[in-house]
Amino acid sequence: MFKVLKIGGSTITDKAKADCVRDEEIERIAGEILDQTSGLVLVHGAGSFGHIPAKKYGLPGKFSPEGLRITHASVVELNRIVVEALTEAGVDALPVHPLSCVLLKDGRIEKMEVDFIKEMVAGGILPVLHGDVAMDSSRRAGIVSGDQLVSYLAKALDAQTVALGTDVDGVLCSGAPLKEVTRKTLPDIESCFTQGPGTDVTGGMRGKILELLELADAGTTSLIFNARKAGMVKKALSGDAIGTLIRRSD
Ligand code: IP8
């Protein structure tokens, strides 16, 4: 039984400042994950590590080998920090860099190697993926967000629990979290999406919802919750209905 958890870049970094990591948040989350790693695949966002260089080099619109290299190096560094914190907390974790196992087509995952991820999980190892740059068969290169990875992996692994941790209490409308979002209710809440602070090249809250609605169409309910609040990651992994549920319309 697989679980896919994403921790957003806005939780583990300060998206307004280049390469600004929130060590204490990463350590706390590592502690919350520690006794719930069975079947778990972890994805984290790029935060200021990825979004700031990506924007600087005009990714994903522009093809820039230098931009790809620098942006990839930056998200790999954040991934190293996350894996190290997990290791220090006592979790057997291994890094997985999407650049080396994903091929996009028109910005969407066309192919992704997942068998080795299954083997890691079977061996009690936590695979730790992240938003990354990736090659694209129709546009040469692009960006694969952690959100798209979550949606793809949850389908490929037939995950039972899918949770996206952000720095807000769910999908906010007039300051309060919505109980649920479906394809049917999406048009009614379009006005609720505002650009958050910091740089984001992969679509913010609206992008997350669209990814998770793809998953909902395939029958998997997921949730968006606040990972900056202590205890919430643990609750999300236990299947508690916190935050906003993204589910298929009745
Ligand atoms: O933070 C973006 O991933 P996200 C990846 O999950 C890059 O949207 C390289 C900006």
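Structure: see above.
Residues numbered from 1 in each chain as written. Predicted model: local features only at pLDDT ≥ 70, side-chain atom pairs only at ≥ 80, totals over all residues. Heavy atoms only, no water.

### Some thoughts on a negative patch on the surface
Consideration 1: On the surface, Asp23, Glu24, Glu27 and Glu88 cluster together to form a negatively charged patch.
Consideration 2: No other element matches the three residues that helix α2 (residues 23-33) contributes to the negative patch.
Consideration 3: Relative to the helices and strands, Asp23 is located in helix α2. (Patch = residues over 30% accessible without salt bridge, like charges linked within 9 Å, V, L, I, M, F, W, Y side chains within 5 Å. Areas by Shrake-Rupley, 256 points an atom, 1.4 Å probe, with all protein chains shown as cover. Salt bridge = Lys/Arg side-chain N within 4 Å of Asp/Glu carboxyl O. Lys, Arg positive; Asp, Glu negative; His and termini not counted. Charge placed at Lys NZ, Arg CZ, Asp CG, Glu CD. Helix = DSSP H or I, 4+ residues; strand = E, 2+ residues; numbered from the N terminus.)

### Quick look at the sheet that holds strand β12 (residues 180-181)
Consideration 1: The strand order across the open sheet formed by eight strands is β3-β6-β2-β1-β9-β13-β14-β12, and the pairing between neighbours is mixed. The strands lining the two open edges of the sheet, one partner per strand, are β3 (93-95) and β12.
Consideration 2: Both β3 and strand β6 (residues 126-130) contribute to a ladder of three bridges, which runs parallel. Within β6, the residue paired with Ala93 across the bridge is Leu126. (Pairing = 2+ DSSP bridges.)

### A word on the nonpolar core
For soluble globular proteins, the rule of thumb is that nonpolar side chains tend to be buried together.
Consideration 1: Formed by 39 residues in total, the largest nonpolar core has its most connected members in Met112, Leu153, Val171 and Ile209.
Consideration 2: Looking at this core, the elements that each hand over two or more residues are β2 (40-44), β4 (102-105), β5 (108-112), α5 (115-122), α6 (146-157), β9 (161-166), α7 (186-189) and α8 (204-217).
Consideration 3: Dropping the residues within four chain positions of it, Met112 is found in contact with Cys101, Val102, Ile117, Leu129, Leu149, Tyr152 and Leu153.
Consideration 4: In terms of nonpolar packing, the next biggest core, distinct from the first, is built from 28 residues, Leu5, Leu40, Val128 and Ala227 among them. (Core = buried A, V, L, I, M, F, W, Y, C linked by side-chain atoms within 4.5 Å. Buried < 20%, exposed > 50% of the residue type's maximum accessible area, 1.4 Å probe, protein only. Contact = heavy atoms within 4.5 Å.)

### Some remarks on α5
Consideration 1: Along α5, the residues that are buried comprise Ile117, Met120 and Val121. Buried residues in α5, looked at end-on, bunch into an arc of 95°, giving them a common side. In α5, the exposed positions angled more than 90 degrees off the buried face are occupied by Glu119 and Ala122.
Consideration 2: Buried residues along α5 sit in contact with β2, β3, β5, β6 and α6.
Consideration 3: Positive phi shows up at Gly124, right after α5, with a value of about 80°. (Arc of directions from axis to C-beta.)

### Comments concerning the environment of Ile224
Consideration 1: Locating Ile224 in the fold gives a position in strand β13 (residues 222-226).
Consideration 2: A relative accessible area of 0% means that Ile224 is categorised as buried.

### Considerations on the pattern of salt bridges
Consideration 1: Scanning the entire structure with this criterion turns up 17 salt bridges.
Consideration 2: With a shortest N-O distance of 2.8 Å, Arg247 and Glu180 are connected by a salt bridge. Note that Arg247 is positioned in the segment after β14 (244-246) and Glu180 in strand β12, a separation of 67 residues in sequence.
Consideration 3: The class of Glu180 is partly exposed, set by a relative accessible area of 33%.
Consideration 4: A salt bridge links Glu190 to Arg206; the shortest N-O distance between them is 2.8 Å. Note that Glu190 is positioned in the loop between α7 and α8 and Arg206 in helix α8, a separation of 16 residues in sequence.
Consideration 5: Since its relative accessible area comes to 31%, Glu190 is described here as partly exposed.
Consideration 6: Judged by its relative accessible area of 34%, Arg206 falls in the partly exposed class.
Consideration 7: Residues joined in a network through salt bridges with shared partners are Glu25, Arg28, Glu32 and Arg228.

### A word on the environment of Lys235
Consideration 1: Here Lys235 shows up in helix α9 (residues 232-237).
Consideration 2: With a relative accessible area of 39%, Lys235 lands in the partly exposed category.
Consideration 3: In sequence terms Lys235 and Ala73 are 162 residues apart; their C-alpha atoms lie 33 Å from each other.
Consideration 4: Every residue in contact with Lys235, bar those within four places of it in the chain, is listed here: Asp240 and Ile242.

### Side note on the sheet that holds strand β7 (residues 132-136)
Consideration 1: Strand order in the open sheet formed by four strands is β5-β4-β7-β8, with mixed pairing between adjacent strands. Strand pairing shows two members of the sheet lacking a second neighbour, β5 and β8 (140-144), which therefore form its edges. Neighbour to neighbour, the strand axes of the sheet diverge by 45° on average, direction disregarded.
Consideration 2: By the bridge criterion, four bridges tie β4 to β5 in an arrangement that is antiparallel. The partner of Leu104 across the bridge, within β5, is Ile109. (Axes fitted to C-alpha atoms, helices over the stretch in contact; angles between N-to-C directions.)

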